[in-house]
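# Summary of the model geometry
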Amino acid sequence: MSQEIPYKIYLSEDEIPTAWYNLRADMKKKPAPLLNPATLKPLTAEELSVVFCRDLVEQELDDTTRFIAIPDEIRNFYKMYRPSPVVRAYCLEKMLGTPAEIYYKFEGNNTSGSHKLNSAIAQAYYAKKQGLKGVTTETGAGQWGTALSMASAYFGLDCRVYMVKCSYEQKPFRREVMRTYGASITPSPSNTTEIGRKILAEFPGTTGSLGCAISEAVEVATHTEGYRYVLGSVLNQVLLHQSVIGLEAKAALDKYGVKPDIIIGCAGGGSNLGGLIAPFMGEKLRGENDYRFIAVEPASCPSFTRGKYAYDFCDTGKICPLAKMYTLGNGFIPSASHAGGLRFHGMTTTLSELYAQGMMEAVAVEQTSVFEAATQFARVEGILPAPESSHAIRVAIDEALKCKETGEKKKILFGLTGTGYFDLVAYEKFNNGEMGDYIPTDEDIKKGWATMPNVDL
Ligand SMILES: *Cc1c(COP(=O)(O)O)cnc(C)c1O
């Protein structure tokens, strides 16, 4: 097709997907089920319903239905900020002098500043539909907490956020956005929960971790009448909701006959990447098309590239289900990197299984090289990217530079998951030349593994 490709490929409101795509339905070998840590049996819907909303439990366990309709209430909310554009990075291509075509799907054009709102609004909707009073959750960098606060405000739900203590202290503005949307924020670990008190006694002065905040939020949800817990990544249901990213990206590129050769995304718990690649990976699984998929993770928290594929707890308090995933161990505490959203010790089961099957690649990148890429991108493409998203930018640039050497005109699509306006302390460190790279030693990783349960399945 010779039609000139615009800088921004927009879809119309009518083209927002009417159904989410469930990638698991096209996987012959399914991701391993979540297990009850007490019995080591797959968790039943009944057991999961104590923690999660009914409809979300159904979505969590469904690995056969390919398309799940998006309720009108959610689709109407999506219309306020979706469809999000696919941008042809003409200016970046020119700056790099590459023959490659670079495209990015931009998910930062809403107040939460990231893709997380796509799932937050869905989870809040199902909580409301069930007649619940409120939801609890954890937040690390603050994007998820912000997204859930917005979604809860929209549906009139109470929202209680456990925020990793170091973020609570370092990111007062994030906290204030959440409070403005009506959420209550508690720094974690706190003395408001049993698990929090236990962790504080064991590690006085700790600045917290995502795994620990999850334990607190789950405890509160399961001990408070009319509340359930919601999670911003990792779970199947979250990947399902995030499939809107990939469905829209594919529809936009299809309009211009563009078939990407390489699809790149940053991977924290795996939800944006799982959503972006979903329809493309579906084609690959069905043998209709081939693509290269690259997950990009921080060298400071390298779940795919240095983790073990085994059953592990999703939280430090070991009260959550066991998931079979690439993991550094639930007790692994990554060093203080600035990509807060990529600091989870494990990886969603769907992407873990696809990676184990060799359907996907992964690379780990160091934070200073990530900020170099972020700065290059910001200066020509105008958007100040989130540190998390900049991991994908790093590898997109690297792939485009390889094309410059070989003369190949590859088409590269990457996920630009959010903006970095709340990450200016990180940019300041980088601009001052004070940013370092923290790479765990093999010893650190072994220590993490030692905290894993011994489940040989
Ligand atoms: C949370 C977050 C991520 C990582 O989470 P995933 O579940 O792996 O997608 C990436 N980018 C941004 C901007 C985020 O807020």
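Up top is the structure.
A brief report on the enclosed structure follows. Sequence order sets the numbering: in each chain, residues are counted from 1 along the sequence as written. pLDDT decides what is reported in this predicted model: residues at 70 or higher carry local features, side-chain atom pairs at 80 or more are listed and counted, and totals for whole chains, interfaces and linings draw on all residues regardless. Side-chain descriptors were evaluated using all non-hydrogen atoms of the structure, hydrogens and water having been removed beforehand.

Before going further, it helps to spend a moment on the overall build of the protein. Looking only at helices and strands, the protein features 18 helices and 15 strands. For a compact globule the rule gives 2.2 Å times the number of residues to the power 0.38, and the radius of gyration it is set against comes from C-alpha atoms. For 457 residues, the compact-globule estimate of 2.2 N^0.38 gives 23 Å, and the C-alpha radius of gyration of the protein, at 20 Å, lies within 12% of that figure. With respect to the principal axes defined by its C-alpha atoms, the protein has extents near 60 × 50 × 45 Å. Per-residue accessibility, obtained with a 1.4 Å probe over protein chains only, is compared with the maximum for each type, and a residue is labelled buried under 20%, exposed over 50%, and partly exposed between these values. Taking all 457 residues of the protein together, the buried fraction comes to 63%. Long-range pairs, those at least 24 residues apart, make up 77% of the contacts in the protein between residues at least 6 apart in sequence. To be clear on the numbers: accessible area is Shrake-Rupley with a 1.4 Å probe, and residue cover counts the displayed protein chains and nothing else. Of the roughly 17,400 Å² that the protein leaves accessible, carbon and sulfur atoms contribute 51%. In this description a helix means any DSSP run of H or I spanning at least four residues, a strand means any run of E spanning at least two, and both kinds are numbered starting from the N terminus. Two residues form a contact once any of their heavy atoms are found within 4.5 Å.

Moving on, we get to the site of the ligand. With respect to spatial proximity, 19 residues lie near the ligand, and among them K116, S233, G268, S271 and N272 are the closest. In the analysis that follows, any N or O atom pair within 3.5 Å is treated as a polar contact, provided that within protein one partner can donate a hydrogen and the other can accept it, and provided that, for residues neighboring in sequence, both atoms belong to side chains. The side chain of S233 places a nitrogen or oxygen atom 2.5 Å from an oxygen atom of the ligand. Interatomic distance of 2.7 Å between a side-chain N/O atom of S271 and an oxygen atom of the ligand. Relative to its unbound accessible surface of 380 Å², the ligand loses 98% to contact with the protein. Buried and open spaces are told apart on a 1 Å grid over the protein atoms alone, a cavity being a set of points where a 1.4 Å probe fits but cannot get out and a pocket being an open set with protein on both sides within 12 Å along at least five of seven lines. Residues with an atom within 4 Å of a point are the lining residues. For a cavity or pocket, the test is whether more than half of a molecule's atoms lie within 2 Å of its grid points; if they do, the molecule sits there. With respect to the detected pockets, the ligand is housed in the largest cavity. Taken together, the elements giving at least two residues each to the shell around the ligand come down to α12 (271-285) and α16 (387-406). Throughout this entry, Asp, Glu, Lys and Arg are counted as charged residues, while Ala, Val, Leu, Ile, Met, Phe, Trp, Tyr, Cys and Pro are counted as nonpolar. The remaining residues, Gly among them, count as polar. Of the residues assigned to the shell around the ligand, the class counts are four nonpolar, 13 polar and two charged. It suffices for a single heavy atom of a residue to lie within 4 Å of a molecule or strand for the residue to be listed as near it.

Attention now moves to the environment of W20. Among the secondary structure elements, W20 is positioned in strand β2 (residues 19-21). For the pair W20 and R228, spaced 208 residues apart in sequence, the C-alpha separation works out to 23 Å. Within the structure, W20 has its side chain in polar contact with the backbone oxygen of H241 (distance 3.4 Å).

Next up on the list: the packing of aromatic side chains. Only Phe, Tyr and Trp rings take part, Trp by its six-membered ring, and two of them pair if their centres are within 6.5 Å. Stacked means planes under 30 degrees apart, edge-to-face means over 60, and tilted covers everything else. Applying the stated criterion to the full structure yields 20 aromatic pairs. With a centroid separation of 5.0 Å and 75 degrees between ring planes, the pair formed by Y326 and Y355 is classed as edge-to-face. Highlighted residues: Y326 in strand β13 (residues 322-327) and Y355 in helix α14 (residues 349-356), separated in sequence by 29 residues. Joined through ring pairs, the aromatic side chains of F77, Y78, Y81, Y125, Y126, Y154 and F155 make up one cluster. By definition, being over a ring means that NZ of Lys or CZ of Arg is both within 6 Å of the ring centre and within 35 degrees of the ring normal. Sitting over the ring of Y168, R175 keeps its end group 4.5 Å from the ring centre. Across the ring face of Y291, the terminal group of K259 is positioned such that the distance to the ring centre comes to 4.5 Å.

What is meant by a nonpolar core is a set of buried Ala, Val, Leu, Ile, Met, Phe, Trp, Tyr and Cys residues, joined one to another through side-chain atoms within 4.5 Å. Membership of the largest hydrophobic core comes to 38 residues, with the highest contact counts inside it found for M281, F304 and M360. Where this core is concerned, the elements lending two or more residues are α11 (236-255), α12, β11 (292-298) and α14. Ranked by residues supplied to this core, first place goes to α12 with seven residues. If we ignore the near neighbours within four places in the chain, the residues touching M281 are L23, F293, L354, M359 and M360. One finds A124, F155, L157 and A183 within the second-largest nonpolar core, a separate group that totals 36 residues.

Okay, the sheet that holds strand β10 (residues 262-266) next. For two strands to pair, DSSP has to find at least two bridges joining them. Within the open sheet, the seven strands sit side by side as β1-β4-β5-β15-β10-β11-β14. Their pairing is mixed. Strands at the two margins of the open sheet, each flanked by one partner only, are β1 (8-9) and β14 (361-365). Bridge analysis of β10 against strand β15 (residues 411-416) gives three bridges, and the strand direction is parallel. Note on β15: the bridge partner recorded for I264 is F414.

With that settled, consider unusual backbone geometry. A cis geometry characterises the amide bond from R82 onward to P83, with omega recorded as -10 degrees. Tracing the chain through its elements places P83 in the loop between α3 (72-78) and β4 (86-88). With omega at 5 degrees, the peptide bond leading from S188 into P189 counts as cis. Turning to its location among the elements, P189 is positioned in the loop between β8 (184-188) and α9 (194-202). Even without a glycine there, the phi angle at L40 is positive, about 60 degrees. Relative to the helices and strands, L40 resides in the loop between β2 and α1 (45-48). Accessibility expressed as a relative area gives 39% for L40, which makes it partly exposed. Despite not being glycine, V234 has its phi angle at roughly 65 degrees, a positive value. The class for V234 is buried, based on a relative accessible area of 11%.

A separate point is the sheet that holds strand β6 (residues 134-139). Across the sheet, which stays open at both edges, the four strands sit in the order β8-β7-β6-β9 with parallel pairing between neighbours. Strands with a single pairing partner mark the edges of an open sheet, and in this sheet they are β8 and β9 (227-229). The mean angle between the axes of side-by-side strands here comes to 25 degrees, regardless of whether they run parallel or antiparallel. Looking at chain direction, β6 and β9 are connected through three bridges and run parallel. Axis definition: a line fit to C-alpha positions, over the contact stretch in the case of helices; interaxial angles, taken between N-to-C directions, run 0 to 180 degrees.

At a closest axis distance of 6 Å, the pairing of α11 and α12 adopts a crossing angle of 60 degrees. Compared by their axis directions, α11 and α12 come out oblique. Here α11 and α12 pass one another in a crossing that is right-handed. Residues V238, L239, Q242, S243, I245, G246, L247, A249 and K250 of α11 form the contact with α12, whose participating residues are S271, N272, G274, G275, L276, A278, P279, F280 and E283. In the contact of α11 with α12, the residues fall into nine nonpolar, seven polar and two charged. Throughout, the term roughly parallel applies to angles under 35 degrees, roughly antiparallel to angles over 145, roughly perpendicular to angles from 65 to 115, and oblique to all others. Left-handed describes a crossing whose near helix is turned anticlockwise from the far helix through less than a right angle; right-handed describes the clockwise counterpart.

Read these as layout, nothing more, since geometry by itself doesn't imply function.
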